[in-house]
Amino acid sequence: MTIATVPTEPITGQKPGTSGLRKKTQVFMQRHYLENFVQAIFDAIGGADGKTFVVGGDGRYFNDRAVQVILRMAAANGAAKVLVGQGGILSTPAASHLIRLNETDGGIILSASHNPGGPDEDFGIKFNMPNGGPAPESVTSAMYDAASSMTEYRVYESHDIDLSAIGTHAVGDMTVEVLDPVADYADLMETLFDFDAIRAMIAGGFRVRMDSMCAVTGPYGVEILENRLGAPRGTVVNRQPLPDFGGMHPDPNPVWAKMLMDEMWGADAPDFGAASDGDGDRNMIVGPEVYVSPSDSLAVIAANAHLAKGYTDGLKGVARSMPTSGAVDRVAAAKGLDCFETPTGWKFFGNLMDAGRVSLCGEESFGTGSDHVREKDGLWAVLMWLNILAKRGEGVGAVMASHFAEYGRNYYSRHDYEALENAKAEGLLSALTARFADLPGMEVEGMTIASADIFKYEDPVDGSVSDNQGWRIVFEDGSRIVMRLSGTGTTGATLRVYLERYVAGPDGLDEEPQAALGPIIRAARSLSDMETHIGRTEPDVIT
Ligand code: G6P
Ligand code: ZN
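Note that this is a predicted model, so its numbers are computed, not measured. What you see as residue numbers is a count from 1 along each chain, following the sequence as written. For this description, chains carry letters from A and ligands carry numbers from 1, given in the order in which they are written. Thresholds applied to this predicted model are a pLDDT of at least 70 for local features of residues and 80 or more for the giving and counting of side-chain atom pairs; totals over whole chains, interfaces and linings are not thresholded and use all residues.

A look at the packing of helix α10 (residues 294-304) against helix α11 (residues 327-335)
Stage number 1. Fitted lines through C-alpha atoms give the axes, limited to the stretch in contact for helices. The angle between two N-to-C directions lies from 0 to 180 degrees. Numbering of helices and strands starts at the N terminus; helices are DSSP runs of H or I of at least 4 residues and strands are runs of E of at least 2. Two numbers describe how α10 lies on α11: the axes approach to 7 Å, and their chain directions differ by 15 degrees. As the angle between them shows, α10 and α11 are arranged roughly parallel. Here α10 runs over α11; the crossing is right-handed. Taken together, the residues of α11 that come into contact with α10 (itself represented by Ser295, Asp296, Leu298, Ala299, Ala302 and Ala303) are Ala327, Val328, Val331 and Ala332. Note on angle classes: values under 35 degrees are labelled roughly parallel, values over 145 roughly antiparallel, values of 65 to 115 roughly perpendicular, and the remainder oblique. Crossings are assigned a handedness: left-handed for a near helix turned anticlockwise from the far helix by less than a right angle, right-handed for a clockwise turn. Working definition of a contact: two residues with C-beta atoms, positioned from the backbone, lying within 7 Å.

Printed below as a string of structure tokens:
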């Protein structure tokens with residue numbers, strides 16, 4: 001085996017977005033593409049010499065090839081050791097946990113999260129820091145800089161390493177330790193939740209359905225829900241991770257997790273349903289004919305987390321992304337907790353968690369998690385819900401109804417307009433910006449606009465500033481319209497329109513969200529002149 005130094009040149013567009021570098025798989029398969037970016041990662045973190053990393057991914061097409069390349073490049077760059085999940089598999093939260101548990105110098109995670117996989121679909125790569133969380137902007141821009149001036153990369157010329165079984169191998173002087181991807185993560189969950197209470201609830205006939213969408217949580221769900229909690233075999237469906245996710249779009253929302261939604265709205269629905277995404281960090285929670293919006297899920301967890309054994313002392317504080325509804329703010333106010341509003345992207349929660357200021361975070365984009373790792377965590381949310389239901393002895397619907405009765409209801413929905421021409425989507429937002437100064441005081445749909453601005457965040461821990469983080473229009477009654485462009489897509493632009501209206505109750509807590517939000521939806525369309533700019537007013541996805 002020899003180390004090769006391969007001459008290369010910069011490849012345009014290797015700029016990490018909301019969550020790492022995400023491109024079409026074919027792009028990643030181009031000559032030098034993956035190698036250039038992996039070298040850029042090592043360069044950006046001051047080299048790999050003597051360091052230890054975690055490597056794994058969600059098993060999508062090209063995951064197996066990419067892991068081999070990364071191992072050979074880590075060895076050639078002088079890394080001491082790489083911990084890799086068996087078969088190259090690790091869910092994103094499990095990777096975050098392994099980085100922390102083994103105190104490594106970080107990890108490389110291969111995933112395009114909830115985007116479809118396959119030779120003609122999406123692939124992605126990101127670096128997580130020694131705290132287990134995604135690299136902050138300062139580090140991702142250093143990667144981009146390194147990629148933009150790349151002249152050579154280093155790689156070991158060697159055979160593939162056998163990752164099919166647990167064991168230890170060597171690549172040059174570097175040790176490769178192949179680990180069970182599930183065991184340590186499942187053990188961590190047992191320290192946080194009352195498995196006995198959940199097991200008793202399930203043994204008492206409570207029926208659970210978990211849809212892993214042919215993605216990475218299959219083996220995790222089987223081990224935790226079926227093996228450790230005693231749910232019947234078959235509780236986890238679509239449990240076999242597949243390189244193309246069985247042709248599914250592994251995004252746990254009411255549109256893409258249709259199979260689960262149909263079951264939960266059908267005759268003989270289970271008591272609890274959940275789905276997770278490609279890499280296992282997202283979740284959707286549903287009860288029989290009850291959809292729990294991610295914003296409400298965050299609020300319910302904030303109100304009830306003390307029922308889980310890892311959180312009996314209460315929460316340190318909570319945080320949500322700006323477009324996420326204010327439902328959790330009401331719980332925080334009632335409990336006297338600090339509540340932070342951050343830009344979209346889990347990486348913004350890391351500093352708050354590291355500084356001990358928050359222990360629970362969530363986003364409207366089906367992400368919820370705590371400071372047990374530094375990623376959002378789909379199965380964690382599922383177990384938290386099961387723990388809450390077991391301790392309260394209530395179903396999903398009853399928990400939601402009593403939550404709304406106590407705190408009021410933040411009706412909420414997100415409308416996505418996908419695959420737009422970039423220029424048209426940007427045109428809509430710049431025209432909206434130009435109107436902002438005139439909006440306060442204006443009346444629309446019977447509501448008066450109180451303010452209009454573009455969200456800017458100053459990190460309270462390190463003082464770093466992130467601007468242009470979402471266009472928001474707030475009405476005098478607190479209702480909101482937020483718009484932003486997705487940072488995770490790979491085709492054209494996706495315009496996300498977030499809609500929110502608060503009802504204090506006791507009346508009006510049980511409306512259909514799209515109906516309750518009707519005036520806000522119409523105001524969003526007219527204020528942004530949507531028809532003119534993008535030629536349509538009906539979204540592709542409603543969450
Ligand atoms: C990823 C990030 C999340 C973020 C989400 C939405 O899943 O990890 O933190 O909320 O993307 O991103 P987008 O830019 O597509 O709205
Ligand atoms: Zn994900």
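Focus on the site of ligand 1
Stage number 1. We call a residue near a molecule or strand when the C-beta position, derived from backbone atoms, sits within 6 Å of it. Around ligand 1 sit 14 residues, and of these Trp346, Ser365, Ser486, Gly487 and Thr488 come closest.
Stage number 2. Classification used: nonpolar for Ala, Val, Leu, Ile, Met, Phe, Trp, Tyr, Cys and Pro, charged for Asp, Glu, Lys and Arg, polar for all others including Gly. Of the residues belonging to the shell around ligand 1, the class tally is 1 nonpolar, 11 polar and 2 charged.

So, the domain arrangement of the protein chain
Stage number 1. Taken domain by domain, the protein chain consists of domain 1 (2-180), domain 2 (185-407) and domain 3 (409-542).
Stage number 2. Placing a centre on the C-alpha atoms of domain 1 and another on those of domain 2 gives a separation of 28 Å.
Stage number 3. Contacts between domain 1 and domain 2 engage 27 residues on the former and 30 residues on the latter.
Stage number 4. The element contributing the most residues to the side of domain 1 that touches domain 2 is helix α4 (residues 92-101), with 6 residues.
Stage number 5. A class-by-class count of the residues in the side of domain 1 that touches domain 2 yields 8 nonpolar, 16 polar and 3 charged. An automatic or database domain assignment provides the domain bounds reported here.

Details of helix α14 (residues 396-407)
Stage number 1. An ideal rise of 1.5 Å per residue puts 16 Å on 12 residues; α14 measures up with 16 Å between its terminal C-alpha atoms.
Stage number 2. The positive-phi residue at the C-terminal boundary of α14 is Gly408, with phi of around 85 degrees. Expected span, for any helix, means 1.5 Å times one less than how many residues it has.

Some details on the sheet that holds strand β12 (residues 272-276)
Stage number 1. We treat two strands as partners when DSSP finds at least two bridges between them. One open sheet holds the 5 strands; their spatial order is β11-β10-β12-β13-β14, and the pairing between them is mixed. Edge positions in the open sheet fall to β11 (236-237) and β14 (290-292), since each of these has one partner strand only.
Stage number 2. Relative to β12, strand β10 (residues 208-211) is paired through 4 bridges, and the arrangement is parallel. Looking across to β12, one finds that Asp211 is bridged to Ala275.
Stage number 3. Along the sheet face, α14 touches β12, β13 (283-287) and β14 and points at about 60 degrees away from the line of β14.

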